[in-house]
Amino acid sequence: MTPTTLELLAVASALVAFSGLPGLLLPAGSRAVQRVATWCHVLGCALGVSAAALALAGSPATARFAWPLPSGALTFALDRLSAFFLVPVFVVSGLGSVYGEGYWAEAHHPKNGRKLRCFYGLATAGLALVMVAGDAWSFLVGWEIVSLAAFFLVTTDQDDAAALRAGWIYLVSAHAGTLILFAMFALLRDATGAWLLAPSVALGSSPLLRPILLLALAGFGLKAGVIPLHIWIPDAHAAAPSHVSALLSGVVLKMGIYGLVRVLSMLPAYPTWLGLALVALGITSGVLGVILALAQHDLKRLLAYHSIENIGIILIGLGVGVLGMAQHRLDWAVLGFAGGLLHVWNHAAFKSLLFYSAGAVIHETGTREIDALGGLFRRMRFTGAAFLVGAVAICGLPPLNGFVSEWLISLASFRALTNASGGVAMLGAAAAAPALALIGALAVACFVKAFSAVFLGTPRGPHATRDVADASRSMRFSMGALALSCAVIGLWPNGAASVSRRAADALLGTNAGPAASADLRALGGMPLFLLALIAVAGVAGMALMRPTALTTTWDCGYGSGGPRIQYTASSFAQMLVRLFRWAVLPDEHRPRLKGPFPAAGQRFESHAPDPALDRALLPVFARGRSLLGLLHVIQAGRIQAYLLYIVVTLVVLLAWSWSW
Amino acid sequence: MVSSIANLVMVLAFAPLLLGVINKTKALVAGRTGPPVVQVYYDLVKLFGKGFVVSRTTTWVFLAGPVLSVVAPVVAVLLLPLAGRPAWLSFPGDMLLFVAVFALARFFIATAAMDTGSPFEGMGAAREVTFSALAEPALLFGMLALTRLSGSVSLTGMLDIRTAGAWQRASASVVLILASWFIVLLAENARVPFDDPNTHLELTMIHEAMVLDHAGPAFGFILYGVALKLTVFAALLVTLLIPARPGGGALGLALLVGGLAGVGVVVGLVESSMARLRLVRVPQLLVTATLLAGFAVVLLVR
């Protein structure tokens, strides 16, 4: 018997997977290509969302297919945890496809538009496969489909050297991750005796538990972008088309989180060290992610580093949850898990929104350089407002959605301190709330910088002054839908919290409803109340603050300021980058100025290359390559020489064996 | 109920007096007569009667800053238990909303400052978001310590720790929290040694530099917001400091008023006796505040 939610999902995935194929038969550059692809894709995503919604409300479904493989059978399972992760996959992917109508119009990109649409659908279907995989084999098949499709998405613009470099870095790290996962699943099979991804009592007492969990942290962490395994994230997000960046950041990273959560769901008991490791990794990624974001000049790289930060927040939530389970305190464990899982939804919503609005800016101005922009709010009202909503949400501020999930995690951290016995688990959980406060406050700094440097003040250069219009209708639709979902989750926290609590229950195999129901619903109408208060004060403010005269910004009466006197994004972040330069390791170029009238063109410059990739990994690889280059002496490309090596080796080996 | 309303009205109506107390203290220490204690009310009346000159560069975000600078402390007042009465709004996790509303206000005040495109205001905004980022963990660590002491996860519960008992059981932790939060109060409210509210040398200012372009009624909103925010933070300290729960009523109100005035005098004395710190020293002091509060947590989680 095949359950209906899985059937529906199969139809949805097939529609999405093949949405780009009809376009390949149509002439490049024709409008029909994108019409067909978008409609197929949107229809598939709508079906997928409804299947996920049914599964969230209903009971788990499984299906098995006999398959002549070593694994014996392919298993698919759709439980609430899978359904919870499927929702953002289909929502973000569907809205991204609509956004792509305007952003990557076939008429403007005849060369690669069809390729983009083809792989975009394939990646989405692969994601759906990962989320419903019931055994290691189908999981890895889905995982590889996503990894490969995402490579072609990142390198959509195949003539762009930066995109190609980003694509290769991504491909290498994705496959390093897959290799780790092969090892992890092999050990898992040893420990549980089956390829199935189902809870296993044997796993708890297995001596392999620790290596399995460490491999899972490494393999899934590489995909999710946990510092210091985040090497592929900044370049790939910056180089890809914006709706692909949104897909990468909003859902592909979550694939790593999903894998981790799925492995967690298999455990019969939770070790304390795992919780501490998750919290420590989460705090590191969260704080360093936002610090590195502050140092960026490239709008999309900045957003990419914020993805690392938000993955950190999710890990903190999961870690606090694991610590709660280790202490047998279901109340704060559920708060932590529910908060971490809800942040998966929230991050998908606000980060995609930010990438869409950043994409609209890039589409209009032709640059990602923050310091070349400015004053765009007047001409891009909708896009600016959308970016502002995303910015407030990502900073974890009420009354939007980011606040709800961070509030749940922090509350779990506070609840941990009401535990009777102290100990290291409590200290680990206690670190979460101040860390989240620091991350949130630094995010405020970063998004005040990003929003105001791009949208406020006066235009800083030709990019911002050229003919700039607001985003097209399809792009506005996608941004509006995401902004609305940020507001709905933020203003109705109880609904979102109860959905994520159900997912947490599915993860833990418990019914934790009663244990934490008061805490989960405590926020209640507060965000709505806050919004009402802001509205009242806003009306009063509008009545009292009526401009009586318009003039220039105060410039000490100097009268010829111009846009160059404005604080730039770099100068805004300078103090914080200074404070954290031990982590950012910025490249600073300070020319020595001589004489009362220094020569023109000398300017201070500061760049922030990635500490893990550019400072550690690439130099090591380059050194390794030059060392291995010595081997070229013997590897000259002559077959005769190679045959000689073989003969010599054989003779040496024979002589060695005789001598024994 | 009556005394709850009395507390709320007291805070909302008399918040500007606190600034007056500080200024009077500073004047007396300096041997001047100084402006009257109610000077801030005169200023507010004057500001709301004035016209509103706006820069052409600005957008609607410029108005959101002043509005939120009032909304945030009003919400915070509703979350605080005052003079032994429970808070108007109390729920598990309300202390996180307390911190978050001020962060929301900071976001928009700093954005409003950037909206003018003025270098001074950019400077002020950058400093404000930098220093507040370092002050926020101190606030959270203090709250964690109070949760450990009281077993409660809401402000009403954690500030009503039968403080007398807490003072005896864990006086070291309470003193550490008080010290840490007093530093946070000075930093968050732009007082000496972090910022000098008197100076008009833009290069050294933080808060005042951010609001240079806000004129007339907009500056009125900001000024009232500043007074209210200072009062909220002072009330937080006073509630923690009063070693017995007065149980509301006239005694509670008297203790609260006396305590607030006391905080005002202490802030005034601090401002009279020391100079602004160099900007590079400011983060060090804030990290110190965080460590003090963090130490209070460690003492309690042995």
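Residues numbered from 1 in each chain as written. Chains lettered and ligands numbered in written order. Predicted model: local features only at pLDDT ≥ 70, side-chain atom pairs only at ≥ 80, totals over all residues. Heavy atoms only, no water.

### A closer look at the overall build of chain A
When helices and strands are tallied, chain A shows 27 helices and five strands. Taken against the 2.2 N^0.38 rule, which gives 26 Å for 660 residues, the C-alpha radius of gyration of chain A at 26 Å falls within 12% of a compact globule. Over its C-alpha atoms, taken along the principal directions, chain A stretches across nearly 95 × 70 × 60 Å. A separation of at least 24 residues holds for 79% of the contacts in chain A among residues at least 6 apart in sequence. When the accessible surface of chain A is split by element, carbon and sulfur atoms take 69% of a total near 25,500 Å². (Helix = DSSP H or I, 4+ residues; strand = E, 2+ residues; numbered from the N terminus. Rg over C-alpha atoms; globule rule 2.2 N^0.38 Å. Contact = heavy atoms within 4.5 Å. Areas by Shrake-Rupley, 256 points an atom, 1.4 Å probe, with all protein chains shown as cover.)

### Some points on the nonpolar core
Grouped burial of nonpolar side chains is what soluble globular proteins tend to show. Ranked by size, the top nonpolar core spans 334 residues in total, and within it Ile257, Phe414 and Phe447 of chain A together with Phe98, Phe107 and Met143 of chain B carry the most contacts. Counting the residues that make up this core, at least three belong to each of domain 1 (1-176 + 235-253) and domain 2 (270-535) of chain A. Aside from chain neighbours lying at most four places away, what touches Phe414 of chain A is Ala433 of chain A together with Met95, Leu96, Leu140, Met143, Leu144, Thr147, Val153 and Met158 of chain B. (Core = buried A, V, L, I, M, F, W, Y, C linked by side-chain atoms within 4.5 Å. Buried < 20%, exposed > 50% of the residue type's maximum accessible area, 1.4 Å probe, protein only. Domains from an automatic or database assignment.)

### Here we look at the confidence of the model for chain B
In low-pLDDT regions, the fine details of the predicted coordinates are not to be read closely. On average, residues of chain B score 89 in pLDDT, and 94% of them are at 70 or above. When mean pLDDT is taken per element in chain B, helix 4 (residues 94-115) of chain B scores highest with 96 and helix 7 (residues 163-169) of chain B scores lowest with 68. (pLDDT = per-residue confidence, 0-100.)

### A word on helix 7 (residues 161-192) of chain A
All names here are of chain A. For helix 7, spanning 32 residues, the distance from its first C-alpha to its last is 46 Å, which sits close to the expected 46 Å at 1.5 Å a residue. Looking at where helix 7 begins, the residue whose side-chain oxygen comes 3.1 Å from the main-chain nitrogen of Ala162 is Asp160. In the stretch just after helix 7, Gly193 is the one whose phi turns positive, near 85°. (Expected span 1.5 Å × (residues − 1). Polar contact = N/O pair within 3.5 Å; in protein donor to acceptor, adjacent residues only side chain to side chain.)

### Quick look at the interface of chain A and chain B
Across the contact, 73 residues belong to chain A and 73 residues belong to chain B. Taking both partners together, chain A and chain B bury about 6,300 Å²; carbon and sulfur atoms supply 79% of that area. Summed over the three residues of chain A that lose the most area to chain B, namely Phe414, Met545 and Tyr567 of chain A, the buried surface amounts to 12% of that side. Across the contact surface, chain A and chain B share zero salt bridges. Taken together, the links from chain A to chain B amount to 15 residue pairs in polar contact (both at pLDDT 80 or more). Broken down by secondary-structure element, the contributors of at least two residues to the side of chain A that touches chain B are helix 15 (381-394), helix 16 (401-416), helix 17 (424-430), helix 18 (432-455), helix 23 (526-544), strand 3 (549-551) and helix 24 (569-579) of chain A. When residues in the side of chain A that touches chain B are grouped by element, the largest group, 12 residues, is from helix 18 of chain A. Bridging between strand 3 of chain A and strand 1 (residues 53-55) of chain B involves three bridges; their strand directions are parallel. (Buried area = accessible area lost by both parts, 1.4 Å probe. Salt bridge = Lys/Arg side-chain N within 4 Å of Asp/Glu carboxyl O. Pairing = 2+ DSSP bridges.)

### Thoughts on the pattern of salt bridges
Residues and elements named next belong to chain A. Going through the model one piece at a time under the given rule, you end up with 17 salt bridges over all chains. Among the ionic pairs, Arg415 bridges to Asp519, the shortest N-O distance being 2.5 Å. Here Arg415, found in helix 16, pairs with Asp519, found in helix 22 (residues 513-520); they are 104 residues apart in sequence, far enough to count as distant. When its relative accessible area of 17% is taken as the criterion, Arg415 is described as buried.

### A few points about the environment of Leu277 of chain B
Residues and elements named next belong to chain B. Looking at the element boundaries, Leu277 is found in the loop between helix 11 (249-273) and helix 12 (282-300). Leu277 sits in the partly exposed class, given a relative accessible area of 22%. Once the C-alpha coordinates of Leu277 and Leu18 are considered, the two residues, 259 residues apart in sequence, prove to be 23 Å apart. Non-local contacts of Leu277, meaning those with residues more than four positions away in its chain, are made with Pro193, Val282 and Leu285.

### As for unusual backbone geometry
Residue and element names in this part refer to chain A. Between Ile227 and Pro228 the backbone carries a cis peptide bond, its omega angle lying at 10°. Within the secondary structure layout, Pro228 lies in the loop between helix 9 (209-224) and helix 10 (233-239). The omega torsion of the bond from Pro398 to Pro399 falls at 5°, within 30 degrees of zero and hence cis. Looking at the secondary structure, you find Pro399 in the loop between helix 15 and helix 16. Although it is not a glycine, His328 sits at a positive phi angle of roughly 60°. Here His328 shows up in the loop between helix 13 (299-326) and helix 14 (330-365).

### Considerations on the packing of aromatic side chains
Under the defined criterion, the tally for this structure stands at 31 aromatic pairs over all chains. When the ring of Phe84 of chain A is compared with that of Phe85 of chain A, the centres are 6.1 Å apart and the planes differ by 75°; the resulting orientation is edge-to-face. The pair Phe84 of chain A / Phe85 of chain A is uniform in exposure class, with both members buried. When the ring of Trp143 of chain A is compared with that of Phe220 of chain A, the centres are 5.6 Å apart and the planes differ by 70°; the resulting orientation is edge-to-face. Taken together, the positions of Trp143 of chain A in helix 6 (residues 136-154) and Phe220 of chain A in helix 9 put the pair 77 residues apart, joining distant regions of the chain. Members of the aromatic cluster, each reached through a chain of ring pairs, are Phe377, Phe387, Phe447, Phe451 and Phe455 of chain A together with Trp60 of chain B. (Phe/Tyr/Trp six-rings, centres within 6.5 Å; stacked < 30°, edge-to-face > 60°.)

### Details of the domain arrangement of chain A
Segmentation of chain A into domains returns domain 1 (1-176 + 235-253), domain 2 (270-535) and domain 3 (611-659). The gap between the C-alpha centroids of domain 2 of chain A and domain 3 of chain A is 49 Å.

### Considering the side chain of Glu271 of chain B
Residue and element names in this part refer to chain B. Topologically, Glu271 is positioned in helix 11. The exposure class of Glu271 is buried, given its relative accessible area of 8%. Side-chain polar atoms of Glu271 contact the side chain of Arg191, separated by 2.7 Å.

### Comments concerning the environment of Gly29 of chain A
All names here are of chain A. On the secondary structure map, Gly29 appears in the loop between helix 2 (21-25) and helix 3 (31-57). A sequence separation of 83 residues divides Gly29 from Asn112, and the C-alpha atoms of the two residues are 9.2 Å apart. Here Gly29 is in contact with Glu106, Ala107 and Pro110, once residues within four sequence places are set aside.

### Some thoughts on the packing of helix 7 of chain A against helix 9 of chain A
Residue and element names in this part refer to chain A. Between helix 7 and helix 9, whose axes approach to 8 Å, the crossing angle comes to 155°. In terms of their interaxial angle, helix 7 and helix 9 are classed as roughly antiparallel. Here helix 7 runs over helix 9; the crossing is left-handed. In this structure, helix 7 contributes Tyr170, Ser173, Ala174, Ala176, Gly177, Ile180, Leu181, Ala183, Met184, Leu187, Leu188 and Ala191 to the contact, and helix 9 contributes Pro211, Ile212, Leu215, Ala216, Ala218, Gly219, Phe220, Leu222 and Lys223. Looking at the contact of helix 7 with helix 9, its residues break down into 17 nonpolar, three polar and one charged. (Axes fitted to C-alpha atoms, helices over the stretch in contact; angles between N-to-C directions. Parallel < 35°, antiparallel > 145°, perpendicular 65-115°, else oblique. Left-handed = near helix turned anticlockwise from the far one by under 90°. Nonpolar A, V, L, I, M, F, W, Y, C, P; charged D, E, K, R; others polar.)

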